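Listed below are the residues making up each chain.
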Amino acid sequence: MINIFDYELPKPDTEKFQTLLKEKNVEIKTIVSNTLKTPQIFVEKKDEWVVVLKGCAKLEINGIVHKLKSGDTLFIAANTKHTLLKTKKVVVWLSIYIG
């Protein structure tokens, strides 16, 4: 059994990824972002659905800035460039990759 709130805090301005489940075409990860100030650019080969479990973040997709807080979810289509602009302190995400 894994508790997704038992995590090691990464160094400031970095992230830590942990795979919780990988089965067929689905992968579930927790991501812990620690006070990001340097934008992080991602392009995933799979569709991605994320939920913010704790904290606040700004994520840009196709020129639109999404201000996310605890409980917010977002779908990101495969091969879509997205930029995590910054986080307010620590953010814990649950990310599901499909495809």
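Everything that follows concerns the structure shown earlier in this document.
So, here's what we can say about the structure. What you see is a predicted model, and the numbers here were worked out from it, not measured in a lab.

Turning next to the nonpolar core. Core analysis: the biggest nonpolar cluster contains 15 residues, and Leu 59, Leu 68, Leu 74, Leu 84 and Trp 93 have the highest contact counts within it. For this core, the elements supplying multiple residues, two or more each, are strand S4 (47-61), strand S6 (73-76) and strand S7 (82-98). Broken down by element, the residue count for this core peaks at 5 residues, all from S4. Non-local contacts of Leu 74, meaning those with residues more than four positions away in its chain, are made with Glu 48, Trp 49, Val 50, Leu 59, Ile 61, His 66 and Leu 68.

As a further point, take the pairing of strand S5 (residues 64-69). When S4 meets S5, the two strands line up antiparallel, connected through 6 bridges. Its bridge partner lying in S5, Lys 58 is registered against Lys 67. Linking S4 back to S5 in an antiparallel pair, the connection comprises 2 residues, with Asn 62 at a positive phi of about 50 degrees.

For the rest of this paragraph, the subject is the side chain of Thr 30. Residue position: Thr 30 is located in strand S2 (residues 26-34). Excluding anything up to four places from it in sequence, Thr 30 contacts Ile 4, Lys 16, Phe 17, Gln 18, Leu 20, Trp 93 and Leu 94.

This part takes up unusual backbone geometry. Positive phi, close to 45 degrees, is recorded for Thr 35, a residue that is not glycine. Along the chain, Thr 35 falls in the loop between S2 and strand S3 (40-42). Despite not being glycine, Lys 89 has its phi angle at roughly 60 degrees, a positive value. Relative to the helices and strands, Lys 89 is located in strand S7.

Before going further, it helps to spend a moment on empty space enclosed by the protein. Gaps left between atoms are located by rolling a probe of water-molecule size over the structure's atoms. Counted under the stated rule, the structure contains 1 cavity of 30 Å³ or more. Volume-wise, the largest cavity comes out at about 160 Å³. If you trace the largest cavity, you find 13 residues lining it, with Ile 31, Phe 42, Glu 48, Val 50 and His 82 closest to the centre. Those elements that provide at least two residues to the lining of the largest cavity are strand S1 (14-23), S4 and S7. A per-element tally of the lining of the largest cavity places S7 first, with 4 residues. For the lining of the largest cavity, a count of residues per class yields 9 nonpolar, 1 polar and 3 charged.

Another point: the pattern of salt bridges. Side chains bearing opposite charge may pair, as long as their charged atoms lie close to each other. Applying the stated criterion across every chain yields a total of 3 salt bridges. Notably, a salt bridge pairs Glu 27 with Lys 29, separated by 3.9 Å at the nearest N-O pair. Lys 29 matches Glu 27 in its accessibility class, with the two residues each being buried. With a shortest N-O distance of 3.6 Å, Lys 69 and Asp 72 are connected by a salt bridge.

Rules of the game
- Residues numbered from 1 in each chain as written.
- Predicted model: local features only at pLDDT ≥ 70, side-chain atom pairs only at ≥ 80, totals over all residues.
- Heavy atoms only, no water.
- Core = buried A, V, L, I, M, F, W, Y, C linked by side-chain atoms within 4.5 Å.
- Buried < 20%, exposed > 50% of the residue type's maximum accessible area, 1.4 Å probe, protein only.
- Helix = DSSP H or I, 4+ residues; strand = E, 2+ residues; numbered from the N terminus.
- Contact = heavy atoms within 4.5 Å.
- Pairing = 2+ DSSP bridges.
- 1 Å grid on protein atoms, 1.4 Å probe; cavity = no way out; pocket = protein on both sides within 12 Å on 5 of 7 lines; lining within 4 Å.
- Points joined across faces, edges and corners; volume = space filled by probe spheres on them.
- Nonpolar A, V, L, I, M, F, W, Y, C, P; charged D, E, K, R; others polar.
- Salt bridge = Lys/Arg side-chain N within 4 Å of Asp/Glu carboxyl O.

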